[in-house]
Amino acid sequence: MEFLKKSTGHAIVLEEPPSFETSRPGAVGTDLPTLDVPRIEPKSVFKKVRNRKARLPELSEPEVMRHFTRMSTWNYAIDLGIYPLGSCTMKYNPRFNEEIARSGELSEAHPYDPIEWSQGHLRVMWELTEDLKGVTGMPGISLQPAAGAHGELTGLMLVSAYHKAKGRHRKTILTADTAHGTNPASAALAGFQIVQIATGEDGVIHPDALAAVLNDDVAALMTTNPNTLGIFEKNIQTVANMLHEKDALLYIDGANLNAVLGLSRPGDFGADVIQFNLHKTFSTPHGGGGPGSGPIAVSERLLPFLPVPRLEKHGEKIVLVEDAPQSIGRVKAFFGNYGMFIRAWCYIRALGGEGLRAVSENAILNANYMRSQLKDVLYMPINAPTLHEVVFNDRNQRDLNLDTTKMAKRLIDYGMHPMTVHFPLCVKNAIMIEPTETESRSEMDRFVSALKEIIETPGVEQAPTRVFRERVDETKAARELRLTYKFKD
Ligand SMILES: *Cc1c(COP(=O)(O)O)cnc(C)c1O
């Protein structure tokens, strides 16, 4: 397969200075009529805030347009090609969702509009809530959390409230070594101490490993299912029963829900709380592209503690219920990221139950296709059946002076976004591939042949070399943080 007709040495990619440098005094993007009333300087207010003019760049409309369009050509996006970043579910977001979410009636709502005027919006939220109950088989939902990790924190606050209501202060959260990094981080943020459980050779939690650490101080076990190896926790029902016997709870990180839609429901295996990543599973944009949304679903046990306001349907009317004495309160201003709810609602409506199941079946099929195409070249540390993603490492490439990082960097030269690297942490030099259900076989083949070509022809130490921005110092920006533009005068 041929990847590049020309390197960027031949194709034109334009350098673009900061707009402060191209600024021309007096250039404007608007053409307003001449002022026919006396001009008033807004000095009284602004003088207090600043004593000199804000140095905003001045440019014409085409200059602004070109500035941003040029910079956009340096970047990579799901709209350019495969983006197989494991654990991130970088699937294509249907434009249809965008069109609906941006339509006037929906995008111009105001959270302070009277409840009578907002019935349509509340209905979208209420229906989404019902759909998410259906997906998880769990009886309570809060749409408020703004992202996956925020959903985790909210879920853990519910766990705390649950134990507090029983008059006890449990301090420990158990996590598996295959849990996503946000799980222990959220638990620490919520004030818990973390005890990690090592998973077995087959990559899943074993009841005896749980028994060894389960005691009366355990508030909950928090883990990702399917876990970060892409493996379904086959002992999860037993795990849930063991926890419940101690009146401890089961938190499932549901960011990988695109592996199980219509196939398995966390409510059926005893989960007490799970967060959705609407911006992954339900196709709202993510990764620098706008706000996320991390609703949670809870079991019967946690219903009294859910955030307020809650949506309830009284006859045909949707009402907001604030009166819930055991509630943890609000976790987000207004209702959450409503624009994401519309997109998720459209996505679910467009696909229906059968369609959602097909999403997961295709996500699994695609990941297993990648596995079958790459298993002879890359090493699989855990050779168990996987769902929506597959984890390898660079063990077979050791003698080639090639490692995970070099392979990933070189993929950029082939015009593709690399996979997730060095994660999950339980696999050394991990290579984690999640093609998602929206990739075609030919796009996956393109990725596979690029990776094979890289392995067969190593030696490019400084990759990427064919792209506009070559190898960058990955930590410099973090170590030498510069948030303001340095004006020359
Ligand atoms: C992405 C992800 C998260 C975090 O979600 P954010 O929306 O980025 O906060 C948590 N757990 C898993 C398994 C994920 O893949």
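Note: the structure precedes this text.
This structure is a prediction, so every number in the text was calculated from the model and none was measured.

Draft legend 1. The arrangement of the sheet that holds strand 5 (residues 249-253) in detail. The strand order 1-7-6-5-4-2-3 describes an open sheet built from seven strands, whose pairing is mixed. Only two strands of the sheet have a single neighbouring strand rather than two, namely strand 1 (140-142) and strand 3 (193-197). Neighbouring strand axes in the sheet, compared pairwise and without regard to direction, differ in orientation by 20° on average. In this fold helix 8 (residues 182-189) packs onto strand 2 (172-176), strand 3, strand 4 (218-224) and strand 5, with an angle of close to 150° to the strand it touches most, strand 4. Those strands touched by helix 10 (residues 236-245) are strand 4 and strand 5, and its axis lies near 140° from that of strand 5.

Draft legend 2. View of helix 12 (residues 404-413). Burial within helix 12 is extensive, with eight of its 10 residues counted as buried. The complete set of buried residues in helix 12 reads Thr404, Lys406, Met407, Ala408, Lys409, Arg410, Leu411 and Asp413. N-cap assignment for helix 12: the residue whose side-chain oxygen lies 3.2 Å from the backbone N of Thr405 is Asp403. Phi for Gly415, located one or two positions after helix 12, is positive at around 75°.

Draft legend 3. Structural view of the pairing of strand 3. Relative to strand 3, strand 2 runs parallel, the two sharing five bridges. Its bridge partner lying in strand 3, Ile173 is registered against Ile194. You can see the chain leave strand 2, run along helix 8 and come back into strand 3, and the turn it takes is right-handed.

Draft legend 4. Inspection of the packing of aromatic side chains at higher detail. Under the criterion given, the structure shown has 10 aromatic pairs. Seen from their ring centres, Phe20 and Tyr485 are 4.7 Å apart, and the 20° between their planes marks the pair as stacked. In this pair, Phe20 sits in helix 1 (residues 19-22) while Tyr485 sits in the segment after helix 14 (476-479), placing the two residues 465 residues apart along the sequence. Under the relative-accessibility criterion, Phe20 is labelled partly exposed at 33%. For Tyr485, a relative accessible area of 23% gives the class partly exposed.

Draft legend 5. Broad picture of the sheet that holds strand 11 (residues 420-421). Taken in spatial order, the three strands make up an open sheet running 10-12-11, and their pairing is antiparallel. Across the chains shown, the open sheet's two edge strands, defined by having one partner strand only, are strand 10 (390-392) and strand 11. Two elements, strand 11 and strand 12 (residues 431-433), share two bridges in a ladder whose sense is antiparallel. Bridge pairing in strand 12 links Thr420 to Met432.

Draft legend 6. Quick look at the packing of helix 12 against helix 13 (residues 441-456). With their axes 10 Å apart at the nearest point, helix 12 and helix 13 run at an angle of 120° to one another. Classified by the interaxial angle, the pair formed by helix 12 and helix 13 is oblique. Note that helix 12 runs across helix 13; the crossing there is right-handed. Counted together, Met407, Arg410 and Leu411 of helix 12 and Phe447, Ala450, Leu451, Ile454 and Ile455 of helix 13 form the full contact between these two elements. Of the residues assigned to the contact of helix 12 with helix 13, the class counts are seven nonpolar, no polar and one charged.

Draft legend 7. Expanded view of the environment of Val448. When you line up the elements, Val448 lands in helix 13. The residues touching Val448, leaving out its near neighbours within four places in the chain, are Met370, Gln373 and Leu374.

Draft legend 8. A look at the side chain of Lys280. With respect to the element layout, Lys280 can be found in the loop between strand 6 (273-275) and strand 7 (296-298). One buried charged side chain, Lys280, makes no salt bridge at all; its nearest oppositely charged neighbour is Asp253, positioned 6.8 Å away. In terms of polar contacts, Lys280 uses its side chain to reach the backbone carbonyl oxygen of Ser87, at 3.3 Å. Here Lys280 is in contact with Ser87, Cys88, Thr89, Lys91, Ala255 and His286, once residues within four sequence places are set aside.

Draft legend 9. Region of interest: the nonpolar core. Leu132, Phe276 and Phe282 are the most contacted members of the largest nonpolar core, which totals 51 residues. Contributions of two or more residues to this core are made by helix 6 (119-136), strand 2, strand 4, helix 10, strand 5 and helix 11 (338-374). Looking at this core, the element that brings in the most residues is helix 11, giving 10 residues. Not counting the four nearest positions on each side in its chain, Leu132 is found in contact with Ile141, Leu143, Phe276, Leu278, Phe282, Pro295 and Ile348. Within the second largest apolar cluster, 24 residues are counted, among which are Met370, Val390, Tyr414 and Val448.

Draft legend 10. Representation of the site of the ligand in the model. The immediate surroundings of the ligand are formed by 13 residues, with Ser87, Gly148, Asp253, His279 and Lys280 found nearest. A distance of 3.3 Å separates a nitrogen atom of the ligand from a polar side-chain atom of His180. When residues of the shell around the ligand are assigned to their parent elements, the largest contribution, three residues, is made by helix 7 (residues 148-165). Its residues assigned to classes, the shell around the ligand shows three nonpolar, seven polar and three charged.

The rules behind these values
Residues numbered from 1 in each chain as written. Predicted model: local features only at pLDDT ≥ 70, side-chain atom pairs only at ≥ 80, totals over all residues. Heavy atoms only, no water. Pairing = 2+ DSSP bridges. Helix = DSSP H or I, 4+ residues; strand = E, 2+ residues; numbered from the N terminus. Axes fitted to C-alpha atoms, helices over the stretch in contact; angles between N-to-C directions. Contact = heavy atoms within 4.5 Å. Buried < 20%, exposed > 50% of the residue type's maximum accessible area, 1.4 Å probe, protein only. Polar contact = N/O pair within 3.5 Å; in protein donor to acceptor, adjacent residues only side chain to side chain. Right-handed = clockwise from strand over helix to strand, strands pointing away. Phe/Tyr/Trp six-rings, centres within 6.5 Å; stacked < 30°, edge-to-face > 60°. Parallel < 35°, antiparallel > 145°, perpendicular 65-115°, else oblique. Left-handed = near helix turned anticlockwise from the far one by under 90°. Nonpolar A, V, L, I, M, F, W, Y, C, P; charged D, E, K, R; others polar. Lys, Arg positive; Asp, Glu negative; His and termini not counted. Salt bridge = Lys/Arg side-chain N within 4 Å of Asp/Glu carboxyl O. Core = buried A, V, L, I, M, F, W, Y, C linked by side-chain atoms within 4.5 Å. Near = heavy atom within 4 Å.

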